[in-house]
Amino acid sequence: MEKHYVDIHCHPSLKPFSKSFKYQPIKQNALDPNRKNSIWHYSPPNFLEKFINRLVTLTKFTQTDLTALAKAKTKVVVVSLYPFEKHFFGKEIMGIKGVTDVLVNFAASISQSRMDYIRSNKDYFVDLMDEYQYYQQLHNQVENIDGKIYTYRLVRSFQDIKNNFAQESDSKKIINIILTIEGGHSFNTGIEMNKDMASRTEVIENIKAIKNWEHRPLFITLAHHFYNELCGHARSISIGMLKKNQDRGLNTGLTDLGIEAIDLLLDNTEGKRIPIDVKHLSTASRKAYYHLLDTKYASENIPVIASHGACNGKHSIVQWNKTDIIEHEDWFCDIDINFYDEEFIRIARSNGIFGIQLDERRIGSSTAISESKIFFPNKRKQLRKKALLVWRQVQHIAEVLDRDGLFCWGIQSIGSDFDGIVNPINGLWTAENMKDLAEEMLNHAQDYLSKNLIVLNDFNRIDAAEIVERVMHGNAMEFIERNY
């Protein structure tokens, strides 16, 4: 069977679901792909949009709409449901919308109607359910794309995926959608900016409800951009006007309610465990969670998941606030939302997964990003330079794991965060560019192995094509098979 790329973290519905608030009835997923409230709506970047992105990092085009995924020959995609956090927005003054509305609309390309709804939102769980139902509306409905019949199906297990593979033909294609959730605020926490309002009873009941969904999430990202009364978060916003809203709870640890939520999510009664994704957790919360895994859950080998991240080059999260040697210092973005070498070892030892985030703000140092630019773009040269940013993530993780005596090519995957609030790597704009990324990654892998193969442990000496296949496809599929 032809290999296909697997993305373990993306947001196909963020833009079209947001646009649906402009129309009546709201929250409708239009079957007509010409409608902007359709998850099939295809709007690849034109020259001007690419120019604007290069200039001011705004991403107004769609990246993982279902049509783009179809054109990329995607068969499996792990999507993230995300109730948009109201703390992105300032208060209205005398009925006039704040400057933050403009900033968020530019960054996320959502409608004013959606922003008004978010600002007045009193229940994130309702918003979560609405987005889940948005996907359900067109489940198994057909679209004609380039002369072939496509459909997407929400799946309940890896067996569903296997069954769908068996039903495909040359003229009929199926995109398998696995759900995840980004942000523990989804349980309806963190509603107020300056005070705790979460109801323990409500949180517990909402978690139980999610665990009983027909299409149970593969994992949940416990933290996100703002304090959610469950855990501390890492700094993720650099715009001054929005950055201040992140300060409450920043870099704190797990709360008692957070630990109770984790215990319920990890409870494997009836095989309904939902593992935790550690992306966006503060270092204090990550350390506390790892301590739980090493003590309370030591016998269960629960997989550690980082669905969309990058290396920071530092060795130890335990000493994150002390002077630490940074390996490949010129390569990586030295921030604590990115991941430490010892975390990659933990992920590998737990049979977890690491998704490489295709965001220029995270994937490289300012020096590395600057060196990757071409002022008179030659597409192939640009792709080779930009793919190097991704390859360096793969290589660094491999060298860390190899030194620890572990198989070193088994956790790296793609967690693009496409259609989230990201600044995509120029040239790797959308799902359709994943084929280009794979081709250039192969060149970088071949170059690396020609110089370093003798250094690696014998069991890590595999060929370049297998490395790239694992990153783009195999590692994610093996993880899904083990855990879903």
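Just so it is clear, the structure is predicted and the values come from calculations on it, not from any experiment. Note on numbering: residues in each chain are counted from 1, in written sequence order. Local features in this predicted model are restricted to residues of pLDDT 70 or higher, and side-chain atom pairs are both shown and tallied only at a pLDDT of 80 or more, whereas totals for entire chains, interfaces and linings draw on every residue. Excluding hydrogens and water, the side-chain figures rest on all heavy atoms present in the structure.

A helix here means a DSSP run of H or I that spans at least four residues, while a strand means a run of E at least two residues long, and both kinds are numbered starting from the N terminus. Within the chain one finds 17 helices and 10 strands. Expected size for 484 residues packed as a compact globule is a radius of gyration near 23 Å; at 21 Å, the chain falls within 12% of this value. By its C-alpha atoms, the chain is 65 × 55 × 50 Å across when sized along the principal axes. Only protein chains enter the accessibility calculation, which uses a 1.4 Å probe; a residue is then buried when its area is under 20% of its type maximum, exposed when over 50%, and partly exposed in between. Counting every position in the chain, which comprises 484 residues, the buried fraction comes to 60%. Atoms considered for the radius of gyration are the C-alpha atoms alone. The globule rule reads 2.2 Å times the number of residues to the power 0.38.

This part takes up the packing of helix 16 (residues 434–452) against helix 17 (residues 464–483). Simply put, an axis is a line fit to the C-alpha atoms, just over the touching stretch for a helix, and the angle between two N-to-C directions goes from 0 to 180 degrees. Where helix 16 meets helix 17, the axes come as close as 8 Å, and the angle between the chain directions of the two elements is 140°. In this view, helix 16 runs oblique relative to helix 17, as classed from their interaxial angle. In the crossing of helix 16 with helix 17, the sense of the turn from one axis to the other is right-handed. On helix 17, the residues touching Met434, Leu437, Ala438, Met441, Leu442, Ala445, Gln446 and Leu449 of helix 16 are Ala464, Ala465, Ile467, Val468, Val471 and Met472. Across the contact of helix 16 with helix 17, the residue classes break down as 13 nonpolar, 1 polar and no charged. When an angle is under 35 degrees it counts as roughly parallel; over 145 it counts as roughly antiparallel; between 65 and 115 it counts as roughly perpendicular; any other value is oblique. Crossing handedness: left-handed means the near helix sits turned counterclockwise from the far one by under a right angle, and right-handed means the same turn made clockwise. Contacts: residue pairs with any heavy atoms within 4.5 Å of one another. Residue polarity is assigned by list, with Asp, Glu, Lys and Arg as charged and Ala, Val, Leu, Ile, Met, Phe, Trp, Tyr, Cys and Pro as nonpolar; anything else, Gly included, falls into the polar class.

Before going further, it helps to spend a moment on the packing of helix 7 (residues 158–167) against helix 17. As a packed pair, helix 7 and helix 17 sit with axes 8 Å apart at the nearest point and diverge in direction by 125°. In terms of axis orientation, helix 7 runs oblique to helix 17. Listed contacts from helix 17 to Phe158, Ile161 and Phe165 of helix 7 are Met477, Ile480 and Glu481. Here the residues of the contact of helix 7 with helix 17 are counted per class, giving 5 nonpolar, no polar and 1 charged.

Residue position: Ser316 is located in the loop between strand 8 (305–309) and helix 12 (341–349). Residue Ser316 is classed as buried on the basis of its relative accessible area, which comes to 14%. For the purposes of these results, a polar contact is taken to be a pair of N or O atoms within 3.5 Å, where, inside protein, one atom must be able to donate a hydrogen and its partner to accept one; residues adjacent in sequence count only when each atom of the pair is a side-chain atom. Engagement of the side chain of Ser316 in a polar contact is seen with the side chain of Glu342, the distance being 3.3 Å.

With that out of the way, let us pick up the packing of aromatic side chains. Any Phe, Tyr or Trp ring, taking Trp's six-membered ring, that has another such ring centre within 6.5 Å forms a pair; planes under 30 degrees apart are called stacked, those over 60 apart edge-to-face, and the others tilted. This structure, assessed with the given rule, holds 17 aromatic pairs. Relative to Trp429, the ring of Phe61 has its centre 6.0 Å away and its plane inclined at 85°; by these criteria the two rings are edge-to-face. Taken together, the residues span a long stretch of sequence, with Phe61 in the loop between helix 2 (47–56) and helix 3 (66–71) and Trp429 in the loop between strand 10 (412–414) and helix 16 at a distance of 368 residues. On the accessibility criterion, Phe61 (0% relative accessible area) is buried. Summarising the aromatic geometry, the rings of Phe339 and Phe354 are spaced 5.6 Å apart at their centres and angled 85° between planes, so their arrangement reads as edge-to-face. Remark: Phe354 occurs in strand 9 (residues 353–356) and Phe339 occurs in the loop between strand 8 and helix 12; sequence separation between them is 15 residues. Taken together, the ring pairs in this structure connect Tyr82, Phe84, Phe88, Phe89 and Phe226 into an aromatic cluster.

Moving on to the layout of surface pockets. Both site types are read off a 1 Å grid over the protein atoms alone. A 1.4 Å probe that fits but cannot get out defines a cavity, while an open set with protein on both sides within 12 Å along at least five of seven lines defines a pocket; lining residues have an atom within 4 Å of a point. Grid points are joined across faces, edges and corners, and a volume is the space filled by probe spheres set on the points. Roughly 450 Å³ of internal volume is contained in the second largest pocket. Forming the boundary of the second largest pocket are 19 residues, of which Lys3, His4, Tyr5, Lys435 and Ala438 lie nearest the centre. Elements that contribute at least two residues to the lining of the second largest pocket include exactly helix 16 and helix 17. Of the residues contributing to the lining of the second largest pocket, the split by class is 9 nonpolar, 2 polar and 8 charged.

Every second residue of strand 3 (residues 142–145) is oriented toward a common face, the buried set being Glu143 and Ile145 and the non-buried set Val142 and Asn144. Pairing between two strands is assigned when DSSP locates at least 2 bridges connecting them. Connecting strand 3 to the antiparallel partner strand 4 (residues 148–154) that follows it, the hairpin turn spans 2 residues, and Asp146 within it adopts a positive phi of roughly 55°.

Put simply, a salt bridge is a Lys or Arg side-chain nitrogen that is within 4 Å of an Asp or Glu carboxyl oxygen. Within the structure shown, the criterion is met by 31 salt bridges. Among the salt bridges present, the one from Arg286 reaches Glu343, with a minimum N-O distance of 2.8 Å. Highlighted residues: Arg286 in helix 11 (residues 283–294) and Glu343 in helix 12, separated in sequence by 57 residues. According to the relative accessible area criterion, Arg286 is buried, its value standing at 1%. One salt bridge in this structure joins Asp359 and Arg361, with 2.8 Å as the shortest N-O distance.

The next thing to look at is helix 6 (residues 124–137). Here helix 6 spans 20 Å end to end across 14 residues, near enough to the 20 Å set by a 1.5 Å rise per residue. Those residues of helix 6 that sit buried are Tyr124, Phe125, Asp127, Leu128, Asp130, Glu131, Tyr132, Tyr134 and Tyr135. Close packing links the buried residues of helix 6 with helix 1 (14–19), strand 2 (76–81), helix 5 (112–120), strand 4, strand 5 (172–182) and helix 8 (200–211). Put simply, Asp123 is the residue that caps the front of helix 6, since its side-chain oxygen is 2.9 Å from the backbone nitrogen of Phe125. By definition here, a helix of n residues has an expected span of 1.5 Å times n minus one.

So, about the nonpolar core. We define a nonpolar core as any set of buried Ala, Val, Leu, Ile, Met, Phe, Trp, Tyr and Cys residues linked to one another through side-chain atoms lying within 4.5 Å. Membership of the largest hydrophobic core comes to 104 residues, with the highest contact counts inside it found for Ile177 and Trp409. Ranked by the residues each element gives to this core, the list is headed by helix 15 (residues 379–403), at 10 residues. Excluding residues that lie within four positions of it along the chain, Trp409 makes contacts with Trp391, Val394, Ala398, Tyr448, Leu449, Leu456, Asn460, Ile462, Ile467, Arg470 and Asn475. Core analysis: the second largest hydrophobic core is formed by 18 residues, Ile8, Ile178, Leu218 and Ile353 among them.

By secondary structure assignment, the location of Asn228 is in the loop between strand 6 (220–221) and helix 9 (240–243). It is 9.4 Å that separates the C-alpha atoms of Asn228 and Met193, two residues lying 35 residues apart in sequence. In this structure Asn228 touches Gly184, His185, Thr189, Gly190, Leu222 and Ala223, once residues within four positions along its chain are discounted.

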